[in-house]
Every structure is written in structure tokens, then in C-alpha cells.
Amino acid sequence: MRSGHRDTSERGPRFTRRALLMTTAQAGVIGLLGWRMHQLQVNQSDEFRMLAEENRISMQLIPPARGLIYDINGVALAANEPVYRITIVRENAGDVDDVLNRLAQIITLRPEDIARTKEEIARRAAFVPVTVIERISWEEVSRVQVNAPALPGISAEVGLSRVYPHGQDTAHVVGYVGPVSDYDLSLMTEPDPILQIPRFQIGKTGVENRLEAAMRGKAGTRRIEVNALGRVMRELDRQEGDSGADIQLTLDSKLQAYVEARLDGESASCVVMDCETGDLKAIGSAPSFDPNLFVRGISVADWTGLNENMYRPLAAKAFQGTYPPGSTFKAITALAAMEAGVLTPEETIYCRGYTEVSGTRFHCWRPSGHGNVNFHDSLKFSCDCYYYEAAQRVGIDAMAVMARKFGLGTRHDLPLSAVASGLAPDRQWKREVRGEDWRIGDTVNASIGQGYVLASPLQLAIMTARLASGRNIEPRMIHAIDGVVQPLIGGESLGLNENFLRRARLSMYDVVNHQRGTAYATRFDIAGQQMAGKTGTSQVRRITAEERARGVTRNEDLPWERRDHALWINYAPFDRPKYAVAVVVEHGGGGGSVAGPIGRDVTMQALAGGFPELTAYPAATRGRAEEIQNRVRALMEARDRAHQNRA
């Protein structure tokens, strides 16, 4: 062996310090990974399985309970009731046509129910339940449950549905709900996601529509696990939503029911307003309709019957209809002239039965004329010629300003559908709208509430309340929202000469209570409480000179649609005004003979809080008054029984 040579063949494996450290580190990392894998796969497996399969977790909206609507006394006008419904799931049903045919042999299904169900099934995913029929009885539910094996995909559910306990009495005011339509969605910039729920219902008309956002409430949510086909496997969690706000109206449901019953048989409307607060106590339009028909799905026959009725039951005449106000407008003309200083209350104007203006004769309703009349007598006798002269002196622009001061020609902000603004015309309006100059004949026609002047019964009630109080009374229909009382608005002085207003009130008092007044037959006395009023008759046709020569045709001899409208306004008590009332009977004829008695009876009902004693009527009219009371009472009792059965 040579020196200096090192033999390594006998040397065994050796670990350096560096190798030991590296081995230890590797072992630690492997251990940590193993521990983390155990945590993920065992301890946190459920949580991360859901996170990893996020596409299988579905969020669903829970419809909130819709807010209720009450009258001023807490009587429910719109409520929610639990109802049973039958649903079908296409993916579970198999042959949908066969299943629906079997179902129709067990419960009553209309052809339109089946057709609508098929149409909705075609638009929805296979796993989405589709409502076949609602509002079925427990007996029908039981039959479906017993036959469940033969009805794959069919199930019975319970939910909430809208109901209107007072039916037609409040239909035009409260309105009704219905399923969300494509048209409804097109009107919204950012539709609430809840509106996508199949057959979800929203307000369509009236308060239901105008306060939809408040009454709808806030949807709840639930998180569910679904399988690959979309079937619900289990509910993971739930968060309930918020019910909609409850609305309390200013309406008195008992007075409202009386108004509707008193208008029965007429195409008419009536508004009762509180002269102190502006609260609307009754808003009646006749004929009316049952809003429950729309909630349940109105039939073609019912819809056709309502839509083709010449008396227009779907129209809310009280605030949507506009009419020439006729002689109810005369006080406005006179006040405009007196405030302008072109006429005094004591000045007399001679009426010979007509006034000639620019070669045209404008006739008074009394062919022989009234002779010399001042403001008081002109209103008491409703002399047309007095107002022809007053209007020529003051001009249409001042008349329009005065009309708007009394609430005419103005759209009042109320939670109702299509509130009409009416028309208080002036020179500028005719130039802009008609492209014509105003003529003196237009002014003469407007002086007695004819021509271009238009007003709704609601506006006439506001005008009356302002005449009675001298204040800017604004109408109010919402008393409280979720218990929070809404503030009154307006109420300040109109800023008119109180002497002129007082004389107008005294004239209206004599219209009713003076023997020669045009509405003397409508007077009453309830414990010393009397009313002041004004008749009105507005023509819907032109009476030619030839017809006047041979004698004007009586209203009753004309076709219904060519007869005059009958109008009436009043307030009571005369010395402490509480209620203002306006009545319009379409094509009713004379205001004093047709609309006046309705306004009188409604006013007496409001003052007495029910049917007044017959002794409150003049002796000569008690027999007729008793007949009306019996008829109206019987009708109200019949409707009340129907309400109770519905409840």
C-alpha cells in the first residue's frame, strides 16, 4: 500500500448536519399537509362540500304578507285569507295532459284553468311549481290527497290571498290586486325581484295600486340545497321578510255602504267630505262591481258583462268622471264679479227670459224670466240671465282664477286611479289647446257651468266645503299608515270677502228652505240641523230655436243618453258646517228632483249616524222617504249578509 492513499471502500453511510435538517423540515411539511388535509376532508368536509358545489345552493324569495286596509273605525276593507291551491310540477307529472284530465275528474276545473296552466307550464322551468287552481275547499283538497297516487306531480298547498269583505261597496276606492303582467314590469325601471314569483299579485287600481310599494312589504329569503336536476333536497336556512304596511282610510264603511245602496239603480256618483278636516267620508260610484272577481281570475263572461255595460260599472265616476257643473257653478261666477268690484250683492239685473249677446239669444231656464233679481235671489231662483250679465262684466280669466281657488280645474293628489283635473278654461287655454280665440259666447256659456267648464263630483264636494268654510280645505283619504297619523294639509283662509261668502251661504240656505227655492222639497230638520244647497242641471245636447218654438222636449221623452245630467251640492249643518256633499246622476234630468233627494238622504244619514227618524222629513215627503229607507235598508242587509258569508 502506497502511503498517502485513503481507502473508502470500507466506509459506511454518514449523515451530515445539513442533511438532517433538510430531512426534518421535509417531514414537518409533509405532516402539516397531512393535518390540513385531514381538517379539510374530515372536520370541515360539509362546509367545503357546499362551497365547492356552490352551483347547487339556491336562494328563494318568500312572499311577505300584504298590508291590510281599514276604514276610519278599524273595519277591514281589504284583508288576507288563507286559501288552498293545487299546484303541478312538470318534471314529476310526466304526461301533463293526462294528469290534468284526471284532476278535472276529481275537482271542478274550467277549460280556461287548464289552458292557463299549460301556458304557464310552457314558460317555466320543469321543476317550478305552477298553480292550477286557487280557493278550493278542504273537501276538494281531501279528494286530491286521497287520489295522490294517480296524480303524479300534483300537490295541495296553503297560502294567503286577497279578499275584499265589502265587495262592491268599496271597489272603486280600495281597488283590487291581480297577477303581475309583462305590461306592469315594462313600467318599472328596476322591478322588485319578488315580482318574478309566478302569479304574484300587485295592486291594479285604487289604493291597492297607488300605495303598492308600502303595502307589498319586503320579501324574505330561504337558502335551499337542490340536486343536479333542480329538485329541492333540504332547506339550509330561512330569513322571514317584513309584512306590508297597514293603511287606514278616512272612509266610514257604514256611510259608504249607504251611499252605494242609495245610488243603486242609477248611473251616478256621490262624495261626502268633512268640512273641517277635508277627510273623505264616502266616495260612491254606481253601478259598481265585485273586486273579488279580479283576484280570483275573472271569467270572460263576467268581464264582457262589465266592459259592455252602458252604465260603465268599472268607471270610478266620483273622481274620474267630469261633467259640466251647471248651476252649481253660479256662485263662482258671482264671487268673481263681486271680488273684482264690477258687481255688488245688492245690485239687481233684469231677467226677461233671455239675454241677447252678439245676435245670439241665451235663454234662462224660466221662459217668462225672473224680473229684477239681486245676487241672493239669483242663486235662490237659479236665474241664468243674472250670471250671463255678471260674466260679461268680469270676463273668463277672472272666473277661471276664482274657479281654481275653489278646487276646480285642479288635479288633487289622492291615492286613487286616474283622478281627473276637470277644466276651468280661460283665454290662454283655448289658444293653446284649441288654436282659437276666446269668444264672448264662451264666457256666457261658462257663467252657468256649461260650455268648456268641467268638474268631477270630487271637485264639486271640495268647492262646497270651501264655500261653507271660507278656507282652503284639501281632500284627505289616508288617515294613517302603520299607525302613523298623516298630517292635514291646507286649511288656510281663501282670502275672500267674508261678506260675499256669507251672502252666498244664505242664498244656498234659501235654495233649500225658502218656499220659492228650487230645492224646497229636499229640506229637513234633524234636531235643529238644516242644510244649504244648490241644484244643477247640465245639458248634453243643443236645443235648437225650432225646438224652443214648438216646445222643448221633456227629458223623460228623450233616449237616456240624451237626457240632462242632474247635479246637486250641499253642506250641513248650515250654521256649523260639518259635511259637504256632491251628487251627479248621469242623464238623470233635474238636479232638484233627482240628485237633490239623494244628497239630502246621504247628508241626513251622515248627521244621524244611521237612518234618521221620519219626523225629520217634511210631512208631505215622509211616505216617499219611508219607501226609500225600506228599500235601501233591505239592500244593505242583503249585501251585509253576502259580506258575512264571504268572511
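As the structure is a prediction and not an experimental result, all values here were calculated from the model.

### Things to note about the sheet that holds strand S22 (residues 565-572)
The pairing of strands in a sheet comes from backbone hydrogen bonds and takes either a parallel or an antiparallel form.
So, step 1. One open sheet accounts for five strands, arranged S12-S11-S23-S22-S21; its pairing is antiparallel. The open sheet has two edge strands, strand S12 (280-286) and strand S21 (532-538), and neither has a second partner. Each strand of the sheet is rotated relative to its neighbour by a mean of 10 degrees, with strand direction disregarded.
So, step 2. With seven bridges joining them, S22 and strand S23 (residues 579-585) adopt antiparallel strand pairing. Bridge pairing links Ala 566 to Val 585 in S23.
So, step 3. Seen against the sheet, helix H11 (residues 253-262) touches strand S11 (268-274) and S12 and runs at an angle of roughly 25 degrees to S12.

### Things to note about unusual backbone geometry
So, step 1. Along the chain, Ala 286 connects to Pro 287 via a cis peptide bond; the corresponding omega equals -5 degrees.
So, step 2. Within the element layout of this structure, Pro 287 appears in the loop between S12 and helix H12 (292-296).
So, step 3. Following Ala 572, the chain continues to Pro 573 via a peptide bond in cis, the omega torsion being -10 degrees.
So, step 4. By secondary structure assignment, the location of Pro 573 is in the loop between S22 and S23.
So, step 5. Non-glycine residue Arg 312 carries a positive phi angle of around 55 degrees.

### Comments concerning the pattern of salt bridges
Where charged atoms of side chains with opposite charge meet at close range, the side chains can pair.
So, step 1. Taken as a whole and assessed by the stated rule, the structure comprises 37 salt bridges.
So, step 2. Note that Arg 110 and Glu 112 form a salt bridge whose closest N and O atoms lie 3.6 Å from each other.
So, step 3. Sharing partners across several salt bridges, the network here consists of Arg 66, Arg 162, Asp 192, Glu 208, Glu 212 and Arg 216.

### A short note on the confidence of the model for the protein
So, step 1. The predicted model of the protein has a mean per-residue pLDDT of 89, with 90% of residues at 70 or higher.
So, step 2. Throughout residues 51-55 the model reports pLDDT below 50, and contacts reaching past four residues in sequence, or to other chains, amount to zero contacts.

### Remarks on the nonpolar core
So, step 1. Counting 96 residues, the largest nonpolar core has Ile 69, Leu 249, Ile 283 and Phe 406 as its most contacted members.
So, step 2. The biggest single contributor to this core is helix H21 (residues 457-469), with eight residues.
So, step 3. One finds Val 259, Ala 268, Val 512 and Val 632 within the second-largest nonpolar core, a separate group that totals 34 residues.

### Some remarks on the side chain of Asn 292
So, step 1. Mapped onto the fold, Asn 292 is located in helix H12.
So, step 2. In terms of polar contacts, Asn 292 uses its side chain to reach the side chain of Asp 290, at 2.8 Å.

### Points about the environment of Arg 431
So, step 1. Tracing the chain through its elements places Arg 431 in helix H19 (residues 427-434).
So, step 2. Accessibility expressed as a relative area gives 47% for Arg 431, which makes it partly exposed.
So, step 3. Sequence spacing of Arg 431 and Ala 606 is 175 residues, and the spatial spacing of their C-alpha atoms is 44 Å.
So, step 4. Residues contacting Arg 431, with those up to four places away along its chain left out, are Glu 436 and Asp 437.

### Overview of the packing of H11 against helix H24 (residues 591-608)
So, step 1. Closest axis-to-axis distance for the H11/H24 pair is 10 Å, and the angle between their directions is 160 degrees. Classed by the angle they form, the pair H11 and H24 counts as roughly antiparallel. Here the hand of the crossing between H11 and H24 comes out right-handed. On the side of H11, the interface is formed by Leu 255, Tyr 258, Val 259 and Arg 262, while H24 contributes Pro 597, Ile 598, Asp 601, Val 602, Gln 605 and Ala 606.

### With respect to the pairing of strand S3 (residues 76-88)
So, step 1. Judged from the two bridges that link them, strand S2 (residues 69-70) and S3 form a sheet pairing that is antiparallel. Pairing of Ile 69 across the sheet is with Ala 78, part of S3.

### Considering a nonpolar patch on the surface
So, step 1. Judged by side-chain polarity, Tyr 84, Trp 138 and Val 158 come together as a nonpolar surface patch covering roughly 330 Å² of accessible area.
So, step 2. For Tyr 84, the position within the fold is in strand S3.
So, step 3. A relative accessible area of 30% means that Tyr 84 is categorised as partly exposed.

Cut-offs used in this document
Residues numbered from 1 in each chain as written. Predicted model: local features only at pLDDT ≥ 70, side-chain atom pairs only at ≥ 80, totals over all residues. Heavy atoms only, no water. Pairing = 2+ DSSP bridges. Helix = DSSP H or I, 4+ residues; strand = E, 2+ residues; numbered from the N terminus. Axes fitted to C-alpha atoms, helices over the stretch in contact; angles between N-to-C directions. Contact = heavy atoms within 4.5 Å. Salt bridge = Lys/Arg side-chain N within 4 Å of Asp/Glu carboxyl O. pLDDT = per-residue confidence, 0-100. Core = buried A, V, L, I, M, F, W, Y, C linked by side-chain atoms within 4.5 Å. Buried < 20%, exposed > 50% of the residue type's maximum accessible area, 1.4 Å probe, protein only. Polar contact = N/O pair within 3.5 Å; in protein donor to acceptor, adjacent residues only side chain to side chain. Parallel < 35°, antiparallel > 145°, perpendicular 65-115°, else oblique. Left-handed = near helix turned anticlockwise from the far one by under 90°. Patch = residues over 30% accessible without salt bridge, like charges linked within 9 Å, V, L, I, M, F, W, Y side chains within 5 Å. Areas by Shrake-Rupley, 256 points an atom, 1.4 Å probe, with all protein chains shown as cover.

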